[in-house]
Amino acid sequence: MADMKTAAYICQGCGIGERLSTAQLAAVAQKEGKMNLVREHAFLCSADGVQRIRADVGTEGVTHIMIAACSRRAKTEAFNFPDVAMARANIREGVIWSQPDNDEAREITQEMADDYVRMGCAEAKKLKLPAGNPNVAQNKRMLIVGGGVSGMTAALEAAEAGYEAVIVEKRGELGGWGGKLFKRVPAHMPYADPVATGVAELAAKVSKHPRIKVHLNSTIAQTAGAPGRFTVQIAAESGAASAEEVGAIVQATGFEPYDIQKLPELGGGKSANVIDQAGLEALAREAAAGARPLGRPSDGAPVESVVFIQCAGQRDDSGKHLPYCSGHCCNTSIKQAMYFKDANPAIDTVILYTDLRTPGMTEDFYRSGQKKGVTFTKGKVEAVETNGNRCTVQFKDLILNEDTSIEADLVVLATGQVPNSGVNIELPEEEQAASKTVSILNLTYRQGKDMPQLKHGLTDSHFICFPYETRRTGIYAAGPVRRPMDIAQAMEDATGAALKAIQAVENAALGRAAHPRSGDLSYPMVRLDGCTQCKRCTVECPFGAIDEDEKRYPLFNESRCRRCGTCMGACPVRVISFENYSPDSVGSQIKAVDIPDEFSEKPRILVLACENDAYPALDMAGMQRNVYSAFVRVIPVRCLGSVNTIWITDALNGGWDGVMMMGCKHGDNYQCHFVKGSELATYRMSKIDDTLKQLGLETERVATYEVAITDIRRVPQLINDYAAKINEIGMSPMKGFA
Ligand code: SF4
Ligand code: SF4
């Protein structure tokens, strides 16, 4: 690049100057890195140091800088130079803090730092300053699908923050299941009695809000577009059609109670006197409205005894029913037992449970139930027999270890929540077509018309790090559609989702990435003249960001893109890159490292570390002075999914002795910030064995690891174990050819 002017800055602070020869680092930057300007500074992050860099940018016309100092994750506010391309060489956490401070280690510690400076200089020269996605989209309205507690809360939170919200609700009124409750479990002190739900008031507030529009008796006929510019076709039950332009979407489509007809062994569907919790709420509301007393459904006679059966069709390991716990049902049964006790303390109420789960302060609610005379019996229900107006619950008393039974007028089954997620787009197309499930979002995306689902049919969300985030940028999940929950949790969830939706529209309006690289101005650029139309990028993009144009070339949709680089890792002809992250920017770092000869006994091990978990874990290992092998050179990558196999083959051809790839956990309980990236990398690397064999290399030379951000001790151990293994295998035979 003709107008590129490079500068390298070597910091001497934080002990770097005492542990390393910064003069040597400066010489490396000058002679090998060929940087136009090289400076050392006593404390580069100080006002003076930062000013020095700014002055060089301003007066010397520096365009590309390399800072050799602390980790790129540290001092980000000080080292914030939006007008230049910047690379950071981590010689603090990654070198002096991860190596022993003694004379014996001095030489290899310096070698490590020299290499990081070489790599930093090489990277800096390959970077461009991202200009931002030119296809900005300015619509900041929110569409909320579902008018239950979660949906109403999301709409209200967005509206109160100044954003317009549109609710689409399939029923004729707002409220959802929450609106059908008589009372709710208390969420505040003193946690003693059931309290008013507040749902009617919430619905009234939503209906009157000037920034909220509500479509009742309506469903989504089609959703097209991307963050900042979704067009949503709405179909009303009346046949009327309308359209809404919105910037982000919150899917808050809630749940259906598990069907008690599927539990005949517990009397489900066999007697009017065996009902689920929703059924009891309906009875309680009718009684409160004076429609009928809270009596036995079969004949309206006063109820003298009620048995609540917990975990009915839940936590089931037979594969027949729900395998999970719905979280709220223990407290719900306590609340419902109180409906009876508060009306007439003489009514016998028994809660039969195997484990009673009343988390947090709701333990007080449980104690309140005990005080009111609710009986809690630890027992495993074997069967519910129905006979006329009476039910007999047979169970094993788990305390007395004996089979016994109770007679009851009414049996209430604590069934679970089944999410309303729409069509499972991960099923084969014919199975989707054959399924009776109705689509909710009707997305026009190549990847399917609803959102991906996690296990148990729950709508996708990154439940560990980013609840509400889904694999469809700008579309968030809130409430029981993403995991079972109670009203209090649903309201909190909806607030989080609304805030995420706000972030999405604000970022889209500025041409920036949404979470987790929030604010990143880079975006994937494809050189279509080199594209072979293999479709790997389109298929592997975890976020459905790539469609195809009429000539079947990949069509990138920048505002749906999360900038993970998975497409870049997938592309066999390497025509996809970002201005600040590319096959070349990483490849040139790999090539910049000084590879000692085969007789040196100094192997070189490349660590490609995911910037979300593995790299922070390595930084923290350094902060805790957890020593690891000085033979590794770490390159942070956006996601293991962005690792292109060319980097591995280039490294091995270049004489590196091994490659470690560290990414997040994958599978159903994934932690990968880009969902599929680390899984894809593992898959791709499973195919690299043939290449290794062709090169005459042992397959152990390339290894992938799943690590978590908390693996501060484990990650150094993995490195040390791997270095020991390389020591056993011996130096790469490729060194002689490199
Ligand atoms: S794979 Fe990642 S970087 Fe590529 S288009 Fe999809 S979201 Fe964007
Ligand atoms: S992976 Fe590369 S070659 Fe294949 S379709 Fe995408 S851009 Fe084209």
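Attention here is on the structure that accompanies the text.

This brings us to the overall build of the protein chain. Helix and strand counts for the protein chain come out as 20 helices and 29 strands. Referenced to the eigenvectors of the C-alpha coordinate spread, the extents of the protein chain come out at roughly 95 × 60 × 50 Å. Counting across all 738 residues of the protein chain, residues that qualify as buried make up 56%. Nonlocal contacts in the protein chain, meaning residues at least 24 apart in sequence, comprise 69% of its contacts between residues at least 6 apart. Accessible surface, the protein chain as shown: approximately 29800 Å² in total, 49% of it carbon and sulfur. Put simply, the protein chain has 82 plus and 90 minus side-chain charges, and the middle of one group is 3 Å from the middle of the other.

What follows concerns the side chain of Arg-88. Along the chain, Arg-88 turns up in strand S4 (residues 85-90). The side chain of Arg-88 sits in the buried core without any salt bridge; Glu-93 is the nearest counter-charge, 6.9 Å away. There is a polar contact of 3.4 Å between the side chain of Arg-88 and the backbone oxygen of Cys-70. Within polar-contact distance, the side chain of Arg-88 engages the backbone oxygen of Ala-74 at 2.9 Å. Excluding residues within four positions of it along the chain, Arg-88 makes contact with Ile-67, Cys-70, Ser-71, Arg-72, Ala-74, Lys-75 and Phe-79.

Backbone torsion omega between Met-189 and Pro-190 reads 5°, so that peptide bond is classified as cis. Examined against the element boundaries, Pro-190 turns out to sit in the loop between strand S6 (165-168) and helix H7 (199-208). For the bond running from His-515 to Pro-516, omega is 0°, close enough to zero to count as cis. Within the secondary structure layout, Pro-516 lies in the loop between helix H12 (487-509) and strand S22 (525-526).

With respect to topology, 3 strands assemble into an open sheet ordered S8-S9-S10, the strand pairing being antiparallel. Looking at which strands have only one partner, the edges of the open sheet turn out to be strand S8 (218-224) and strand S10 (241-246). When the angles between neighbouring strand axes are averaged without regard to direction, this sheet yields 25°. As paired strands, S8 and strand S9 (residues 230-236) are joined by 6 bridges and run antiparallel to one another. Paired with Ser-218 across the bridge in S9 is Ala-236.

Further remarks concern the environment of Arg-73. Within the fold, Arg-73 resides in the loop between strand S3 (64-69) and S4. Setting aside residues up to four positions removed in sequence, Arg-73 forms contacts with Glu-611, Tyr-615, Pro-616 and Asp-619.

Across its 15 residues, helix H9 (residues 329-343) extends 21 Å between first and last C-alpha, which sits within 8% of the 21 Å expected from 1.5 Å per residue. Most of H9 is tucked away: 13 of the 15 residues are buried.

Next up on the list: the packing of aromatic side chains. Summed over the entire model, instances satisfying the criterion amount to 6 aromatic pairs. Judged by centre distance (5.0 Å) and plane angle (70°), the rings of Phe-182 and Tyr-339 are edge-to-face. Placement of Phe-182 in the loop between S6 and H7 and of Tyr-339 in helix H9 is noted, with a sequence separation of 157 residues between them. Here Phe-182 falls in the partly exposed class, since its relative accessible area comes to 27%. Seen in terms of ring centroids, Phe-578 and Tyr-581 are 6.4 Å apart; in terms of plane orientation they differ by 45°. Their pairing is tilted. Of the two residues examined, Phe-578 and Tyr-581, each falls in the buried class. By the ring-pair criterion, three or more aromatic residues cluster together here, those being Phe-578, Tyr-581 and Trp-647. The ring centre of Trp-177 lies 4.4 Å from the NZ or CZ of Lys-180, which sits over that ring.

Taken together, 14 residues form the shell around ligand 1, and within it Cys-541, Cys-561, Cys-564, Gly-565 and Cys-567 come nearest. The class makeup of the residues in the shell around ligand 1 is 10 nonpolar, 2 polar and 2 charged.

Cut-offs applied
- Per-chain numbering applies: the sequence of each chain, read as written, is numbered from 1 onward.
- Here every chain gets a letter starting at A, and every ligand a number starting at 1, in the order they are written.
- Side-chain atom pairs in this predicted model are given and counted only at pLDDT of 80 or more, local residue features only at pLDDT of at least 70, and totals for whole chains, interfaces and linings cover all residues.
- By convention in this description, side-chain values take in all heavy atoms of the structure and omit both hydrogens and water.
- We count a stretch as a helix when DSSP gives it H or I for four or more residues in a row; a strand needs E for two or more, and each element gets its number in order from the N terminus.
- Only protein chains enter the accessibility calculation, which uses a 1.4 Å probe; a residue is then buried when its area is under 20% of its type maximum, exposed when over 50%, and partly exposed in between.
- The contact criterion used is simple: two residues touch if any of their non-hydrogen atoms lie within 4.5 Å.
- For the accessible areas, the method is Shrake-Rupley and the probe is 1.4 Å, while residue cover comes only from the protein chains on display.
- Only four residue types enter the tally: Lys and Arg on the positive side, Asp and Glu on the negative side; His and the chain ends are excluded.
- Every charge is mapped onto a representative atom, which is NZ of Lys, CZ of Arg, CG of Asp or CD of Glu.
- For salt bridges, the criterion is a side-chain nitrogen of Lys or Arg within 4 Å of an Asp or Glu carboxyl oxygen.
- Polar contacts, as used here, are pairs of N or O atoms within 3.5 Å; protein pairs need one atom able to donate a hydrogen and one able to accept it. Residues neighboring in sequence count only if both atoms are side-chain atoms.
- Should DSSP find at least two bridges between two strands, the strands are taken to pair.
- Lines are fitted to the C-alpha atoms to define the axes, a helix being fitted only along its stretch in contact, and any angle between axes, read from their N-to-C directions, falls within 0 to 180 degrees.
- The length a helix should cover is 1.5 Å for every residue beyond the first.
- Two aromatic rings from Phe, Tyr or Trp, using only the six-membered ring of Trp, form a pair when their centres are within 6.5 Å; if the ring planes differ by under 30 degrees the pair is stacked, by over 60 it is edge-to-face, and anything between is tilted.
- Cation placement over rings: the criterion is NZ of Lys or CZ of Arg within 6 Å of the ring centroid and within 35° of the ring normal.
- Think of it this way: one heavy atom of a residue within 4 Å of a molecule or strand is enough to make that residue near it.
- Just so you know the grouping, Ala, Val, Leu, Ile, Met, Phe, Trp, Tyr, Cys and Pro go in nonpolar, Asp, Glu, Lys and Arg go in charged, and all remaining residues, Gly too, go in polar.

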